[in-house]
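As a plain string of letters, each chain reads:
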Amino acid sequence: MREAGRIAAEALHRVGEMVRPGVSTLDLDREAEKVIRSRGATCEFRGYHGYPANICTSVNEVVVHGIPSADRILKEGDIVGIDIGARYRGFVGDNARTFPVGEVPPEARRLLRATEESLMEAIDTVSPGVHLWKVSETVENRARRDRFGVVREYAGHGIGTRMHEEPQVPNYVDRGSRHGRLTLEPGFVICIEPMLNAGGDEVEVLDDGWTVVTKDRSLSAHFEHMVAVLADGCEVLTTYP
Ligand code: MF3
Ligand code: CO
């Protein structure tokens, strides 16, 4: 799983370096595929419930699951969420990050910072015996501090031989739920993936059946890491030096 995570992280790093005005989201998709295949891995998203591309590229008001396209040319001031999954020797690595395209407005910078910090603060809580709701609460508290919306319809997840395994890892607190009362144990591997909106919490899915956008069309950001619970803390598996 460490190797799968590292490949997904390397692809995200390399694709992230390509982000600039004039690049199409399909260019990003092609580069991700190249990196993943060069490592002997496969793109996990293609064909997942019929998903038609190798990665997800979510521009501005797109929250997640944006489909790469030659017609979607990045321009100065955009933000683009890139989500990449790789399968290596039977295990899946999954990670995401939202990048600024050139100079972006202060509001976009604040949103990116809050979303990344909510992920990093949540990772800091991961340790054996910790309730899952603590992870969720940490994301939500960081988001609300800046009055950003928190997407509720999509969540983080366990990961292993399948991309989506138990438990679900919501980005808001639901103390009554069975998942929330679960405690983390050594050997669990979870993806934590906050999705924060500059406006309200609500999202909708476009007619293509995939593209998730904010209902108020405000900006949205998404960061994701894959984290293994160890006996004495945790290890982020989607790192690339
Ligand atoms: N990587 C996403 C997640 O973290 C899922 C991608 S959906 C797919 O849950 F259809 F593109 F695979
Ligand atoms: Co994920």
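Residues numbered from 1 in each chain as written. Chains lettered and ligands numbered in written order. Predicted model: local features only at pLDDT ≥ 70, side-chain atom pairs only at ≥ 80, totals over all residues. Heavy atoms only, no water.

A. Here's a closer look at the site of ligand 1. Lining the immediate environment of ligand 1, one finds 13 residues, of which Phe45, Asp83, Asp94, His164 and Glu193 sit closest. A distance of 3.0 Å separates a nitrogen atom of ligand 1 from a polar side-chain atom of aspartate 83. One nitrogen or oxygen atom from the side chain of aspartate 94 is found 2.9 Å from an oxygen atom belonging to ligand 1. Out of a free accessible area of 340 Å², ligand 1 has 95% covered by protein chains. (Near = heavy atom within 4 Å. Polar contact = N/O pair within 3.5 Å; in protein donor to acceptor, adjacent residues only side chain to side chain. Areas by Shrake-Rupley, 256 points an atom, 1.4 Å probe, with all protein chains shown as cover.)

B. Representation of the packing of helix 3 (residues 106-125) against helix 4 (residues 132-145) in the model. Look at helix 3 against helix 4: their axes get within 8 Å of each other, and the N-to-C directions meet at 150 degrees. By the angle between their directions, the pair helix 3 and helix 4 is classed as roughly antiparallel. Where helix 3 crosses over helix 4, the two elements pack in a sense that is right-handed. Residues Ala114, Glu117, Ser118, Glu121, Ala122 and Thr125 of helix 3 pack against Val135, Thr138, Val139, Arg142 and Arg145 of helix 4. Among the residues making up the contact of helix 3 with helix 4, the classes are represented as 4 nonpolar, 3 polar and 4 charged. (Axes fitted to C-alpha atoms, helices over the stretch in contact; angles between N-to-C directions. Helix = DSSP H or I, 4+ residues; strand = E, 2+ residues; numbered from the N terminus. Parallel < 35°, antiparallel > 145°, perpendicular 65-115°, else oblique. Left-handed = near helix turned anticlockwise from the far one by under 90°. Contact = heavy atoms within 4.5 Å. Nonpolar A, V, L, I, M, F, W, Y, C, P; charged D, E, K, R; others polar.)

C. Region of the structure containing the coordination of the cobalt ion (ligand 2). Asp94 (OD), His157 (NE2), Glu193 (OE) and Glu224 (OE) make up the full set of protein donors to the cobalt ion (ligand 2), lying at 2.0 to 2.3 Å. For the cobalt ion (ligand 2), the single-chain donor residues occur in sequence as D-x62-H-x35-E-x30-E. You can see aspartate 94 sitting in strand 5 (residues 91-100) and its partner glutamate 224 sitting in the loop between strand 13 (220-222) and strand 14 (225-230), a full 130 residues away along the chain. Taking the relative accessible area as the measure of exposure, glutamate 224 reaches 1% and is therefore buried. (Donors = N, O, S within 2.8 Å, 3.2 Å for Na, K, Ca; no water. Buried < 20%, exposed > 50% of the residue type's maximum accessible area, 1.4 Å probe, protein only.)

D. Representation of the sheet that holds strand 15 (residues 233-236). A sheet is described by the order of its strands in space; here 5 strands give the open sequence 8-7-9-14-15, paired in antiparallel fashion. The open sheet has two edge strands with one neighbour each: strand 8 (165-169) and strand 15. Averaged over all pairs of adjacent strands, the angle between their axes in this sheet comes to 25 degrees, without regard to strand direction. Together, strand 9 (189-192), strand 14 and strand 15 form the strand contacts of helix 3, whose direction differs from that of strand 14 by roughly 10 degrees. (Pairing = 2+ DSSP bridges.)

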